[in-house]
Every structure is written in structure tokens, then in C-alpha cells.
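The primary structure of each chain is shown beneath.
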Amino acid sequence: MEGGEWRNNIINQLRGRNKRETFAFQDIFTFQSRLFDNVNTLKNENLQLTLVNERIRFSNTESVSSGGGAVNEKIQALEQKILSQQEELTSLHRRRGESSQQIINLNAKVHDLEKNLQAKDIIISENTALIASLRAEIQMYENNMTELQGLNQVLRDEHQALQIAFAAIEDKLRKAQDENRSLVERLIKYKAKDADKMNEENEHFLKSSNPTAFLINTFGRVSFGKKSDKVKKELEEAAREGGSRSSGSGGSDDKIMDSLPYYATSLPNKVALRFDAHDGEVNAVKWSPTDRIVATGGADRKVKLWDVSKLGTSENRGTLVGSNAGVMSVDFDSTGAFIVGASNDFASRVWTVGDQRLRQRSSSETLLPP
């Protein structure tokens, strides 16, 4: 409801209710009106009769000696009529009192009903305000539901797109696995061929007439560290025995043994520098071919460059990001300007050392200009 329409509606409802509730007592109201009219009429008649009675008494006092028997009869008839009129007036007063009491009771009932109506009007106004607030809340919830439906549709579209991308990636993975499997099979075949070839060469060499040369060619260039002297003596003894069995080959075997080079090896026994390179395992380390820079690759999917030119200290020269899995291998090019990293996401990436930018993300992409 807007404006004064609710007031007019309430007034119309009150009028209709008053009409319905007073319709049952319409006869009482009409009868009371008639009683009032009768009372007024009887009062006038009573006044006239009183005047007539006074006149008659006055005339009786004047003509009391004239023996008016007929006049006495008229006076008695008039007195009887006055008595009946008084009794009727008394009954009318009584009925008027009863009607007045009924009117009072009805007014009290009407007053109570008006109070109830006011209380109900207050409840109606409160419920109207509550309905308005609930409608506003419903509108807000409908707007929220519309927004959520739109967001849900967007998420469904993204989910569908991700499923399509995931299916494409699965196809690529299967193809890469098949290609890897075929490459492994080819590698095994090549290794088997190399092993067979090596075995044939060894058998052919063993079947030759000079086993001492075979031992020299096999073990002559191997570095044994502290056991090199012992091995050398054993080889010299084996060569002498071979020389005693073959008369013409002794001098040549001694010359071959003397000409064999031996290299001494040493193991590091002190740590020069230790530092925490990655948040996890370090999978690969590589020296730069031009500078005193070390590249490390770790399980945190990063390639880091470390400057170790200062003795005992390391300085982070940069972090190369972009890998989606742990970096397993790193290597520099011959100029030290580029660095490549291979990770567990079946991809290799190339960065430039100078500006530390990603230049190539996979084998299918082209190298960006530096």
C-alpha cells in the first residue's frame, strides 16, 4: 500500500464492521427511539391531565355544595386513568433503564472490539514491515543466486576447458611414453650390438698370437692410484713369461711396457665451500666454462647461479624460474652465455645467463632473440 490508500482501506473496513455489528441491534435502537417518543408523549399527556385535574379540583372546591355526583364519577375515572398512565410511565422508565444498560454493555463491547482492532492494526503494520524486509532479503538472495549461477557456469566452462587440455596433455604423454619406449628399445638394441661387437673383437684379439700385447692394451692406460706399482710389476712379470714362451718377442714387450704411461690419482680430503643452494634436494651441478660461476638445479623447480670467485664465500647471481617440475640436469653452452635445464615435466628450457630470461620452453618452440 502506498500513500493514504491504507487509511481509506482501514476506514472502509471499520465502517463495514460497524454496519455488520450494529445490524443485529437495529431493532433495539428503533425500539429505544420509539420509547423516547412515547415517553415524551406521555409526559405531555400527563402534564395536560395534571392541569385538567387541577382545574377539576378547583371547580370541585367551588361547587362542593351543589351535590355533583356525576362530577365525582368523572373525577374518579380521571384518577383511574392517571394511575394507569403512571403505571405505564413506570414500565416505560424501567424498559428505558434496561435499554440503557444494554446500550452501555454494547458500547463496552464496541470499545473492546476497537481495542482489539487497534492491536490487530499494529500487528498488521508490523507484519507489513516484516514482509517488506523479507521481500528485500529475498531479492538480495535472488541476486546472489544469479551471481552464483553465473560463477558456476564460468567454473563449469573452465572445468570443461581444463578437461580438454588434460586430455590433450594425456595424449601427448602417451605419445612421449611410446616414443621413449621405442627409443629405449632402440638404445638396448644398439647396446646389444656394441656388446656383441666388443665381444667379437675381444675373442678375435684373444685368439691372436700375442696375449701380452692384449694385456698391455687392456690395462696399460688404466690408472690404479697407489696400487699402480704392484700392477706394473704383475704386468712386467706376465710380459717376461710371455717373452720366455715366445723367443722373438721379449725385447719388443719390454719396450712396450716401458713406453706405457701411468697416471697418479688423488682424492679430495677437505671441503673448500659449503652452502645451501635449494629448498630441498640438489639434483645437478655444473661449472661455467668461462667464469667462476656454478649452476645448480634442485627439486624446488629452480636453476640458481652462484658466484664462487671469492674464496670461502658464495653469492647468488640469479634464479632461473619457469620449470614445472624438479630440475634434474643443467649445462652451459661453450660460450657460457646460455644455460639449459632438463626437468621431470618432460621438457627442457634454455635461459640466457646475462639477463636471466627464458628463451625456449620446449623442443617445439623457437628460440627467442637475445
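Just so you know, these numbers come straight off a predicted model, no measurement behind them. (Residues numbered from 1 in each chain as written. Predicted model: local features only at pLDDT ≥ 70, side-chain atom pairs only at ≥ 80, totals over all residues. Heavy atoms only, no water.)

Okay, the packing of aromatic side chains next. A complete count under the given rule lists one aromatic pair for this structure. Plain terms: the ring middles of Phe275 and Trp306 are 4.8 Å apart, the flat faces sit at 45° to each other, and that makes the pair tilted. Taken together, the positions of Phe275 in the loop between helix H6 (250–259) and strand E1 (282–287) and Trp306 in strand E3 (residues 303–307) put the pair 31 residues apart, joining distant regions of the chain. (Phe/Tyr/Trp six-rings, centres within 6.5 Å; stacked < 30°, edge-to-face > 60°. Helix = DSSP H or I, 4+ residues; strand = E, 2+ residues; numbered from the N terminus.)

Within this structure, the stated rule accounts for six salt bridges. Of the charged contacts, one joins Lys286 and Asp331 as a salt bridge, the two residues approaching to 3.9 Å between their closest N and O atoms. Remark: Asp331 occurs in strand E5 (residues 327–332) and Lys286 occurs in strand E1; sequence separation between them is 45 residues. Residue classification places Lys286 among the partly exposed residues on the basis of a relative accessible area of 33%. Here Asp331 falls in the partly exposed class, since its relative accessible area comes to 31%. One salt bridge in this structure joins Arg349 and Asp345, with 2.9 Å as the shortest N-O distance. (Salt bridge = Lys/Arg side-chain N within 4 Å of Asp/Glu carboxyl O. Buried < 20%, exposed > 50% of the residue type's maximum accessible area, 1.4 Å probe, protein only.)

What follows covers the UniProt feature "repeat: WD" (unreviewed entry) in the chain. According to UniProt, the positions carrying the feature "repeat: WD" (unreviewed entry) are residues 275–309 and 320–361. In the segment residues 275–309, helix accounts for 0% and strand for 49%; the C-alpha atoms at its two ends are 14 Å apart. (UniProt positions renumbered as here; feature names shortened; annotations may be inferred.)

Once that is clear, we can look at the pairing of E5. The sheet contact formed by E5 and strand E6 (residues 338–343) spans five bridges and is antiparallel. Bridging across to E6, Val327 finds its partner in Ser343. (Pairing = 2+ DSSP bridges.)

This part is about the nonpolar core. Grouped together as the largest cluster of nonpolar side chains are 13 residues, with contacts concentrated most on Ala295, Val303, Leu305, Val330, Phe332, Ile339 and Trp351. Within the residue set of this core, elements represented by two or more residues are strand E2 (293–298), E3 and E5. Ranked by residue count, the leading element in this core is E5, at three residues. Excluding residues within four positions of it along the chain, Val303 makes contact with Thr296, Gly318, Thr319, Leu320, Val327, Val330, Ile339 and Trp351. (Core = buried A, V, L, I, M, F, W, Y, C linked by side-chain atoms within 4.5 Å. Contact = heavy atoms within 4.5 Å.)

Our next topic: the sheet that holds E2. Reading across the sheet, the four strands line up as E1-E2-E3-E4 and stay open at both edges, with antiparallel pairing between neighbours. Each end of this open sheet is capped by a strand with a single partner; those strands are E1 and strand E4 (315–320). Direction aside, neighbouring strands of the sheet carry axes that sit 20° apart on average. Looking at chain direction, E1 and E2 are connected through five bridges and run antiparallel. Following the sheet pairing, Trp287 is matched in E2 by Val294. (Axes fitted to C-alpha atoms, helices over the stretch in contact; angles between N-to-C directions.)

On the surface, Leu148, Leu151, Val154 and Leu155 cluster together into a nonpolar patch covering about 370 Å² of accessible area. Mapped onto the elements of the fold, Leu155 is located in helix H3 (residues 69–206). Classification of Leu155 as partly exposed rests on a relative accessible area of 47%. (Patch = residues over 30% accessible without salt bridge, like charges linked within 9 Å, V, L, I, M, F, W, Y side chains within 5 Å. Areas by Shrake-Rupley, 256 points an atom, 1.4 Å probe, with all protein chains shown as cover.)

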